[in-house]
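Here's the letter readout for the chains.
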Amino acid sequence: KQEVTQIPAALSVPEGENLVLNCSFTDSAIYNLQWFRQDPGKGLTSLLLIQSSQREQTSGRLNASLDKSSGRSTLYIAASQPGDSATYLCAVHGGSYIPTFGRGTSLIVHP
Amino acid sequence: GAGVSQTPSNKVTEKGKYVELRCDPISGHTALYWYRQSLGQGPEFLIYFQGTGAADDSGLPNDRFFAVRPEGSVSTLKIQRTERGDSAVYLCASSLTSGALQETQYFGPGTRLLVL
């Protein structure tokens, strides 16, 4: 059974720092990996989707990398802003339409 | 519609009662998913619809949980004889076609269920 772990569970940083959020998964036979953002009281918003054949994806200040063989992905946030404060979730698809989610990293960026 | 909507946004009920949670997917999306998210956890899959039929209900925890999507659009998640352990946020998501893996799922804001 696929297990997804996200480290750290919580992070509080001053504005402007570059951040790295980590996601690891136990079964490397994945189809793709997706990073989501969840704001309090809101649903999930997709940030980046990396196919298993890809190494990274970029969107604005966000960059996600994937090392399938080692079962790891990182989400890099450049020049963090208070508006980046949210919970970041990693989800992997192991060949079915049912994703396995991690517990998330709760991020606070303070001014 | 502009996005996935869910009603009610909050529901408080007593142990043993019956509840219905509603999801309106994005217009034209044929795939619909229900998830349950407990505090401090990631979402856990409950059931997936392709059109009107439940293509996969393997995530439903027991027979107190049931979901329908009679016309291939709106879906209702029904919970009978609610228990305190059912308290969670219930999320609905939809995607354009048949749940293809490269498709993005669009999530609703969730229904927060509290069973007293």
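Here, the structure is the one placed above.
Now for a look at the structure at hand. The residue numbers shown here count from 1 along each chain, following its written sequence. All chains are assigned letters beginning with A, and all ligands numbers beginning with 1, in the order in which they are written. Reporting in this predicted model follows two pLDDT cut-offs: at least 70 for local features of residues, and 80 or more for side-chain atom pairs to be given and counted; totals over whole chains, interfaces and linings ignore these cut-offs and use all residues. The side-chain numbers reported here are obtained from all heavy atoms of the structure, hydrogens and water having been left aside.

Quick look at the overall build of chain B
- If you tally the helices and strands in chain B, you get zero helices and 11 strands.
- In sequence order, chain B lays out its α and β elements as β-β-β-β-β-β-β-β-β-β-β.
- Using C-alpha atoms as the atom set, the radius of gyration is obtained and then compared with a globule rule of 2.2 Å times the number of residues to the power 0.38. Relative to the 2.2 N^0.38 estimate, which gives 13 Å for 116 residues, the radius of gyration of chain B is 13 Å and therefore close to what a compact globule would have.
- In these tables, accessible area is a Shrake-Rupley quantity obtained with a 1.4 Å probe, and a residue counts as shielded only by the protein chains included in the view. Surface exposure of chain B reaches about 5,400 Å², of which carbon and sulfur atoms provide 50%.
- Neither His nor the chain termini are counted; the positive set is Lys and Arg, and the negative set is Asp and Glu. By convention, charge coordinates are those of NZ in Lys, CZ in Arg, CG in Asp, or CD in Glu. Both charge centroids of chain B, one from 11 positive and one from 11 negative side chains, sit 8 Å from each other. In this description a helix means any DSSP run of H or I spanning at least four residues, a strand means any run of E spanning at least two, and both kinds are numbered starting from the N terminus.

Comments concerning the packing of aromatic side chains
- We call Phe, Tyr and Trp rings a pair once their centres come within 6.5 Å, taking the six-membered ring for Trp, and we label the pair stacked below 30 degrees between planes, edge-to-face above 60, and tilted otherwise. For the coordinates displayed, the defined rule picks out eight aromatic pairs over all chains.
- Judged by centre distance (5.7 Å) and plane angle (85°), the rings of F36 of chain A and F107 of chain B are edge-to-face. Here F36 of chain A, found in strand β4 (residues 32-38), pairs with F107 of chain B, found in strand β10 (residues 106-107), and the two come from separate chains. Of the two residues examined, F36 of chain A and F107 of chain B, each falls in the buried class.
- With 5.9 Å between their ring centres and 85° between their planes, F101 of chain A and Y35 of chain B make a pair best called edge-to-face. Here F101 of chain A is found in strand β10 (residues 99-101), whereas its partner Y35 of chain B is found in strand β4 (residues 31-37) on a different chain. In this scheme, a residue with accessible area under 20% of its type's maximum is buried, one over 50% is exposed, and one in between is partly exposed, where area comes from a 1.4 Å probe on protein chains only.

So, the pairing of strand β9 (residues 86-93) of chain A
All names here are of chain A.
- Buried residues dominate β9, accounting for seven of its eight residues.
- Taken together, the three bridges between β9 and β10 define a ladder with antiparallel strand orientation. When the sheet's bridge partners are listed, V92 is paired in β10 with T100. In this analysis, strands are considered paired if DSSP registers two or more bridges between them.

Observations regarding the side chain of S95 of chain B
Residues and elements named next belong to chain B.
- Tracing the backbone shows S95 in strand β9 (residues 88-95).
- At 3.4 Å, the side chain of S95 and the side chain of Y33 are in polar contact.
- Excluding residues that lie within four positions of it along the chain, S95 makes contacts with H29, T30, A31, Y33, E103, T104 and Q105. Polar contact criterion, stated in full: a pair of N or O atoms within 3.5 Å, where within protein one must be able to donate a hydrogen and the other to accept it, and residues adjacent in sequence count only if both atoms are side-chain atoms. Note on definitions: a residue-residue contact is assigned when non-hydrogen atoms from the two residues lie within 4.5 Å.

Description of the environment of R64 of chain B
All names here are of chain B.
- Within the fold, R64 resides in the loop between β6 (53-56) and β7 (65-68).
- Residue classification places R64 among the buried positions, given a relative accessible area of 7%.
- Sequence-wise, R64 and I79 are 15 residues apart; in three dimensions their C-alpha atoms are separated by 5.6 Å.
- Not counting chain neighbours up to four residues away, the residues in contact with R64 comprise K78, I79, Q80, R81, T82, E83 and D86.
- Engagement of the side chain of R64 in a polar contact is seen with the side chain of D86, the distance being 2.8 Å.

Brief notes about the state of the cysteines
Residues and elements named next belong to chain A.
- Here, the term disulfide refers to a pair of cysteine sulfur atoms separated by no more than 2.5 Å. On inspection of all chains with the given rule, the structure shows two disulfides over all chains.
- Each sulfur of the disulfide joining C23 and C90 lies 2.0 Å from the other. Residues C23 and C90 are joined by a disulfide whose S-S torsion is about -60°; by sign, that bridge is left-handed. Placement of C23 in strand β3 (residues 19-25) and of C90 in strand β9 is noted, with a sequence separation of 67 residues between them.
- For C23, a relative accessible area of 2% translates into the label buried.
- C90 sits in the buried class, given a relative accessible area of 0%.

Here's the deal with the interface of chain B and chain A
- Counting from both sides, the interface comprises 22 residues of chain B and, opposite them, 22 residues of chain A.
- Two parts placed together each lose some accessible area under a 1.4 Å probe, and adding up what both lose gives the buried area. Approximately 1,700 Å² of surface area, both sides summed, lies buried where chain B meets chain A, with 59% of it carried by carbon and sulfur atoms.
- The term salt bridge refers to a pairing of a side-chain nitrogen on Lys or Arg with a carboxyl oxygen on Asp or Glu at a separation within 4 Å. Remark: the boundary between chain B and chain A carries zero salt bridges.
- Summed over the shared surface of chain B and chain A, the result is three residue pairs in polar contact (both at pLDDT 80 or more).
- Sorting the residues of the side of chain B that touches chain A by element identifies β4, β5 (44-50) and β6 of chain B as the ones contributing at least two each.
- Among the elements that make up the side of chain B that touches chain A, the one with the highest residue count is β4 of chain B (three residues).
- Any residue outside Ala, Val, Leu, Ile, Met, Phe, Trp, Tyr, Cys, Pro, Asp, Glu, Lys and Arg is labelled polar, Gly included; the first ten of those are nonpolar and the last four are charged. Taken together, the residues of the side of chain B that touches chain A break down into 10 nonpolar, 10 polar and two charged.

Topic: the environment of G71 of chain A
Residues and elements named next belong to chain A.
- Locating G71 in the fold gives a position in the loop between β7 (62-67) and β8 (72-77).
- Judged by relative accessible area, G71 falls into the buried class, the value being 2%.
- Separated by 19 residues in sequence, G71 and C90 have C-alpha atoms that sit 12 Å apart.
- Discounting residues that sit within four places of it in the chain, G71 has contacts with C23, S24 and F25.

Just geometry here; none of it tells us what the structure is for.
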